[in-house]
Amino acid sequence: MSKYRMNTFDMLESEAIYVIREVAAQFERPVMLFSGGKDSIVMSYLAKKAFAPGKIPFPMMHIDTGHNFQETLEYRDWWMKQIDAQLIVRYVEDSIKAGKVAEEEGHNPSRNAAQTITLLDAVREFKFDAAMGGARRDEEKARAKERFFSVRDRFGQWDPKNQRPELWYLFNGQKRQGEHFRAFPISNWTELDVWQYIERERIPMPSLYFSHARNVIRRDGSILATGTYVTAQDGEEIERINVRFRTIGDMTCTGATESEAHDIADIVNEVAATRVTERGGRADDRRSEAAMEDRKKQGYF
């Protein structure tokens, strides 16, 4: 009898790889969504493992809001070369210019919600029948309602009451004309699991995740990095403090955290001790109690 025993990370890794392979097996034109954040980095790393020594048999796709951190874009292009993956980029700016979505009004408008239209257009353009995302069930209560395979109707919309049972890891990928699926291989991971796995596998991460001095403003309970897309309003003071980011997205709504975590071990200890969810600093999630669920019903990640 083998003396080898699977630990927690072996089991999570095995489960995620199984889901990724199921997507590749059941669907004709799958794609993996890539934001440049830790969850999509881990998911793409798992995809590389799933099909090694061969190439990943589906493309990665980034929906670029145009308000990204420059560090994210530089890392994205570097990482795609490291894992030898095909990258597709579609731009919210193009959707705005085409009149398909309107830019928000007001000071420092966010394009985070506008990603939905660009994503759904890209799904139709490439005829993708499954899009894998890095959502986890501990992130936000709406995401806890997802299954591994989550069906979207012909309008790209999600109905949380219309999800299929997944007994014994049997996934039903059958779909009607015009429907597509979202798949979430790391659904059962937590933020701490992700960081401990990154530490174990020594996955290189974007500099934004580590403590660094940055000019910020405090707005509505969030700490936002100032720059081209985020400027101080009347009464707001620009501070320079040590921060890091727990999530990475549109600069206009991605909140920073005051931190002295300079390496992965520091981050693991910090995450293990925190009582605030990683999306607690996201300005877009503060708009209403059901902000995420409303966006998901419209076709958001």
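First, a word on scope: everything that follows refers to the structure included in this document. (Residues numbered from 1 in each chain as written. Predicted model: local features only at pLDDT ≥ 70, side-chain atom pairs only at ≥ 80, totals over all residues. Heavy atoms only, no water.)

1. Quick word on the pattern of salt bridges
Applying the stated criterion across every chain, the model contains 19 salt bridges. In this structure, Asp39 engages Lys38 in a salt bridge whose closest nitrogen and oxygen atoms are separated by 4.0 Å. Exposure class is identical for Asp39 and Lys38. Each is buried. For Glu201, the salt bridge goes to Arg200, with nearest N and O atoms at 3.0 Å. (Salt bridge = Lys/Arg side-chain N within 4 Å of Asp/Glu carboxyl O. Buried < 20%, exposed > 50% of the residue type's maximum accessible area, 1.4 Å probe, protein only.)

2. A short note on helix 5 (residues 115-126)
Because the α-helix completes a turn every 3.6 residues, residues three or four places apart line up on one side. Taking 1.5 Å of rise per residue, the 12 residues of helix 5 would be expected to cover 16 Å, and the 16 Å separating its terminal C-alpha atoms lies within 8% of that figure. Buried within helix 5 we find Gln115, Thr116, Thr118, Leu119, Leu120, Asp121, Ala122, Val123 and Phe126. With its phi angle positive at about 60 degrees, Lys127 sits one or two positions after the end of helix 5. (Helix = DSSP H or I, 4+ residues; strand = E, 2+ residues; numbered from the N terminus. Expected span 1.5 Å × (residues − 1).)

3. Re the sheet that holds strand 3 (residues 87-91)
The 6 strands lie next to each other as 3-2-1-4-6-5, forming an open sheet whose pairing is mixed. The open sheet has two edge strands, strand 3 and strand 5 (149-152), and neither has a second partner. Neighbour to neighbour, the strand axes of the sheet diverge by 30 degrees on average, direction disregarded. Running at roughly 140 degrees to strand 1 (residues 30-33), helix 2 (residues 38-51) makes contact with strand 1, strand 2 (60-64) and strand 4 (130-132) of the sheet. In this fold helix 5 packs onto strand 1, strand 2, strand 3 and strand 6 (180-183), with an angle of close to 130 degrees to the strand it touches most, strand 3. (Pairing = 2+ DSSP bridges. Axes fitted to C-alpha atoms, helices over the stretch in contact; angles between N-to-C directions. Contact = heavy atoms within 4.5 Å.)

4. Describing the packing of helix 2 against helix 6 (residues 191-201)
One way to put it is that helix 2 packs onto helix 6 with a least axis distance of 11 Å and a crossing angle of 50 degrees. Taken together, helix 2 and helix 6 sit at an angle that is classed as oblique. Viewed along their axes, helix 2 and helix 6 form a crossing whose handedness is left-handed. Across the interface between the two elements, Lys38, Asp39, Val42, Tyr45, Leu46 and Lys49 from helix 2 touch Glu191, Val194, Trp195, Tyr197, Ile198 and Glu201 from helix 6. Its residues assigned to classes, the contact of helix 2 with helix 6 comprises 7 nonpolar, no polar and 5 charged. (Parallel < 35°, antiparallel > 145°, perpendicular 65-115°, else oblique. Left-handed = near helix turned anticlockwise from the far one by under 90°. Nonpolar A, V, L, I, M, F, W, Y, C, P; charged D, E, K, R; others polar.)

5. Looking at unusual backbone geometry
Residue Ala52 is joined to Pro53 through a cis peptide bond whose omega torsion reads 5 degrees. Here Pro53 is to be found in the loop between helix 2 and strand 2. A positive phi angle is found at Lys127, which is not glycine, with a value near 60 degrees. Residue position: Lys127 is located in the loop between helix 5 and strand 4. A residue is classified by how much of its surface remains accessible, and Lys127, at 61% relative accessible area, is exposed. One non-glycine residue, Arg202, adopts positive backbone phi at about 55 degrees. Tracing the backbone shows Arg202 in the loop between helix 6 and strand 7 (212-219).

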